[in-house]
Amino acid sequence: MAYQTVNPFTNQLIKEYPTHSDADVEAALKKADALYHSAWAKGDIDQRLPVLHKLADLLDTQNEELAKIASREMGKLIEQSRAEVKLCAQIARYYADHAKDFLAPVKYDSELGDAWVEHHPIGVLMAVEPWNFPYYQLMRVLAPNLAAGNPIIVKHASIVPHCAETFEHLVREAGAPDGAYTNLFISSDQVAAIIDDDRVQGVALTGSEKAGGIVAAQAAKKLKKATLELGGNDVFVVLDDSDLEKAVKVGVQARLQNAGQVCTAAKRFIIHVKVADAFLSKFTDAFREVKLGDPLDESTTLGPLSSKDAVDTLTKQVDEAVKNGAKVHVGGKPVEHQGNFFEPTILTHISRNNPAYFEEFFGPVAQVYVVKDDDEIVKLANDSHYGLGGAIFSQNIERAKRLASRIETGMVYINSLTDTAAELPFGGVKRSGFGRELSDLGIKEFVNQKLVVVSHQ
């Protein structure tokens, strides 16, 4: 597996990175395990939290430089890269400020005696992370686990090695000791060997359903805890009482942000029949007005996909959808360009027996469905293998809340796109995975919630 930086706007190879050997892996495991058994990991949390404060400051002061690295490496619009770096700083600062309270002992009333639950680190974790948010995905795992005392070994996606290396240097610069966070350029076989190693106690993966299935099976074989954040087929529901202008504006952003390469992107637009024509008309106009171009150009509104492979995959999916009866309302093809561009695309008339109905399209392709009532919305929303996020647009908040409760996903946002914040839990159900990241829930995924009881007798 070649770890390469290829600029997706020009398809020029910028740099190739040497992979790590099995001896490098062993050295990383040895350092991480030694750190776990040290006073730094097992001792007072106050010695770990300054690392996160410093890391947040470094991210803030180096925002522009870090943003440019991400935009050049995976094609994210520069404004969105800046926002990602800023969010990472917020996550680091959030756990620096709140982890101590989250991990404080919790008392339980019991007839057996004085009882409480303590929170302790469990050991070295293996993280496997994707390219679409090359810093944020790493920070979601690092911040809570560094606070908790779990050393982390990371295999980042092979197309963002510069981001991977840069992030590791930042963690070191922030004062993390040797073994606290180690980036490895390794193969999937080496990942499997690390998961198999007795020194490793947990696995966190964000990625595809296929990768999640493989890694979860490897972890389960050794009875190790795993968290998985996988694909999504998120609905964007527009009710007949919604603010249509707002729904269209946010809907375009929800589908085209990061060139549509977001697990929680709006993918299935479920529109009430009373506003369907009006929504589709405005939505189509907005898709046609998109400006493709260099992600470093502030005026660009749609950057390239992350790789040529991504364009090829999306092209096959759209062609297959059309072959099975879907209609291309707008777009539908790769763009003749030196970079990896795909036209902003809207597909309609997708039947349940069309493969597109259940697939995740990782790119600027929206599916539009028209429904007659709320029950039909729920039925269509829940008829999915995935259950990550979703959005509902309505001016009747009580109606929207009732719908939100009925939709089978880990997250639902009302009158907003599916978003993320340090203080809110992130994750899904069904084939979108299990476990939660961020918030108070995220920090407790990989800790030993140990019960201690002092008997009254």
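Before any of the text, the structure's been laid out above.
The rules behind these values
- Residues numbered from 1 in each chain as written.
- Predicted model: local features only at pLDDT ≥ 70, side-chain atom pairs only at ≥ 80, totals over all residues.
- Heavy atoms only, no water.
- Helix = DSSP H or I, 4+ residues; strand = E, 2+ residues; numbered from the N terminus.
- Rg over C-alpha atoms; globule rule 2.2 N^0.38 Å.
- Buried < 20%, exposed > 50% of the residue type's maximum accessible area, 1.4 Å probe, protein only.
- Patch = residues over 30% accessible without salt bridge, like charges linked within 9 Å, V, L, I, M, F, W, Y side chains within 5 Å.
- Areas by Shrake-Rupley, 256 points an atom, 1.4 Å probe, with all protein chains shown as cover.
- Salt bridge = Lys/Arg side-chain N within 4 Å of Asp/Glu carboxyl O.
- Expected span 1.5 Å × (residues − 1).
- Pairing = 2+ DSSP bridges.
- Contact = heavy atoms within 4.5 Å.
- 1 Å grid on protein atoms, 1.4 Å probe; cavity = no way out; pocket = protein on both sides within 12 Å on 5 of 7 lines; lining within 4 Å.
- Points joined across faces, edges and corners; volume = space filled by probe spheres on them.
- Nonpolar A, V, L, I, M, F, W, Y, C, P; charged D, E, K, R; others polar.
- Core = buried A, V, L, I, M, F, W, Y, C linked by side-chain atoms within 4.5 Å.

K.L.:
Would you explain the overall build of the protein chain in this entry?
P.N.:
When helices and strands are counted, the protein chain shows 15 helices and 20 strands. For 457 residues, the compact-globule estimate of 2.2 N^0.38 gives 23 Å, and the protein chain sits close to it at 23 Å. Seen through its C-alpha atoms, the protein chain measures out along the principal axes to roughly 70 × 60 × 40 Å. Across the 457 residues that make up the protein chain, the buried fraction comes to 57%.

K.L.:
For this particular structure, what's the right way to read a nonpolar patch on the surface?
P.N.:
A contiguous nonpolar patch, built from Leu112, Leu451 and Val453 and spanning about 310 Å² of accessible area, is present on the exposed surface. Within the secondary structure, Leu112 is located in the loop between β3 (106-108) and β4 (113-121). Judged by its relative accessible area of 64%, Leu112 is exposed.

K.L.:
Help me out: how do you make sense of helix α9 (residues 209-221) in this one?
P.N.:
Because an α-helix packs 3.6 residues into every turn, residues spaced three or four apart end up facing the same way. Its 13 residues give α9 an end-to-end C-alpha distance of 18 Å, which sits within 8% of 18 Å, the value for a rise of 1.5 Å per residue. Backbone geometry just after α9 places Leu223 at a positive phi near 55°.

K.L.:
Sorry, what's going on with the sheet that holds strand β14 (residues 365-371) here?
P.N.:
The strands making up a sheet associate through backbone hydrogen bonding, with each pair oriented either parallel or antiparallel. Pairing is mixed across the open sheet formed by seven strands, whose spatial order is β12-β13-β14-β11-β10-β16-β17. Both edges of this open sheet fall to β12 (327-330) and β17 (413-414), since each of them pairs with a single strand only. Bridge count between strand β10 (residues 235-238) and strand β11 (residues 268-272): four bridges; the pairing is parallel. By the bridge assignment for β11, Phe236 is matched with Phe269.

K.L.:
Can you help me understand the environment of Ile14 in this one?
P.N.:
Turning to its location among the elements, Ile14 is positioned in strand β2 (residues 12-17). Separated by 58 residues in sequence, Ile14 and Arg72 have C-alpha atoms that sit 9.5 Å apart. Once residues within four sequence positions are removed from consideration, Ile14 is found in contact with Thr5 and Asn7.

K.L.:
Before we go on, may I ask you to explain the pattern of salt bridges in this structure?
P.N.:
Pairing of side chains with opposite charge becomes possible as their charged atoms draw close. According to the stated counting rule, one finds 32 salt bridges in the structure shown. Across the pair Glu298 and Arg82 runs a salt bridge, and its minimum N-O distance is 2.7 Å. One end of the pair, Glu298, is in the loop between α11 (273-288) and α12 (308-323); the other, Arg82, is in helix α5 (residues 78-102), and 216 residues separate them in sequence. For Glu298, a relative accessible area of 52% puts it in the exposed group. Look at Arg82 and you get partly exposed, because its relative accessible area is 22%.

K.L.:
Before we go on, may I ask you to explain the layout of surface pockets in this structure?
P.N.:
Leftover empty space is mapped by rolling, across the atoms, a probe with the size of a water molecule. The volume enclosed by the largest pocket comes to roughly 1500 Å³. Looking at the largest pocket, it is lined by 48 residues, and the ones nearest its centre are Pro130, Trp131, Gly207, Ser208 and Ala211. The set of elements that each furnish at least two residues to the lining of the largest pocket consists of β1 (3-7), α8 (188-196), β8 (200-206), α9 and α12. Taken together, the residues of the lining of the largest pocket break down into 21 nonpolar, 18 polar and nine charged. The space that makes up the second largest pocket amounts to roughly 950 Å³. For the second largest pocket, the lining is made up of 40 residues, of which Gln80, Gln253, Gln257, Asn258 and Leu417 are closest to its centre. Sorting the residues of the lining of the second largest pocket by element identifies α5, α6 (136-148) and α10 (244-256) as the ones contributing at least two each. Per-element tally for the lining of the second largest pocket: the top contributor is α5, with eight residues. Its residues placed into classes, the lining of the second largest pocket shows 18 nonpolar, 12 polar and 10 charged.

K.L.:
So what exactly am I meant to see when it comes to the nonpolar core here?
P.N.:
Generally speaking, a soluble globular protein has its nonpolar side chains buried in company with each other. By size, the foremost hydrophobic cluster in this structure holds 66 residues, and its most contacted members are Leu59, Ile91, Tyr95, Tyr135, Met139 and Leu142. The set of elements that each furnish at least two residues to this core consists of α2 (39-42), α3 (49-61), α4 (63-74), α5, β5 (124-128), α6, β6 (152-155) and α7 (161-173). If you tally residues by element for this core, the top one is α5, at 11 residues. Leaving out residues up to four positions away in the same chain, Leu142 has contacts with Leu55, Ile152, Phe167, Val171 and Tyr181. Core analysis: the next-biggest nonpolar cluster, separate from the first, contains 59 residues, Ala266, Tyr369, Ile377 and Ile407 among them.

K.L.:
Just checking my understanding: could you explain empty space enclosed by the protein for this structure?
P.N.:
Inspection of the entire model under this criterion finds four cavities of 30 Å³ or more. Size it by volume and the largest cavity reaches roughly 70 Å³. Lining the largest cavity, in full, are Arg140, Val141, Pro144, Asn145, Ala204, Thr227, Arg436, Glu437, Leu438, Gly442, Glu445 and Phe446. With four residues, α6 is the single largest residue contributor to the lining of the largest cavity. Taken together, the residues that form the lining of the largest cavity break down as five nonpolar, three polar and four charged. Approximately 60 Å³ is the volume attributed to the second largest cavity. In terms of lining, the second largest cavity is formed by Asn233, Asp234, Val235, Arg268, Ala381, Ser384, Tyr386, Gly387, Leu388, Gly389, Ile407 and Thr409. Here the residues of the lining of the second largest cavity sort into five nonpolar, five polar and two charged.

K.L.:
Help me understand α7 in this model?
P.N.:
Helix length check: α7 (13 residues) gives 18 Å between terminal C-alpha atoms against 18 Å at 1.5 Å per residue, within 8%. For α7, the full list of buried residues reads Pro161, Cys163, Ala164, Thr166, Phe167, Glu168, Leu170 and Val171. Against the buried residues of α7 lie β1, β2, α3, α4, α6 and β7 (181-183).

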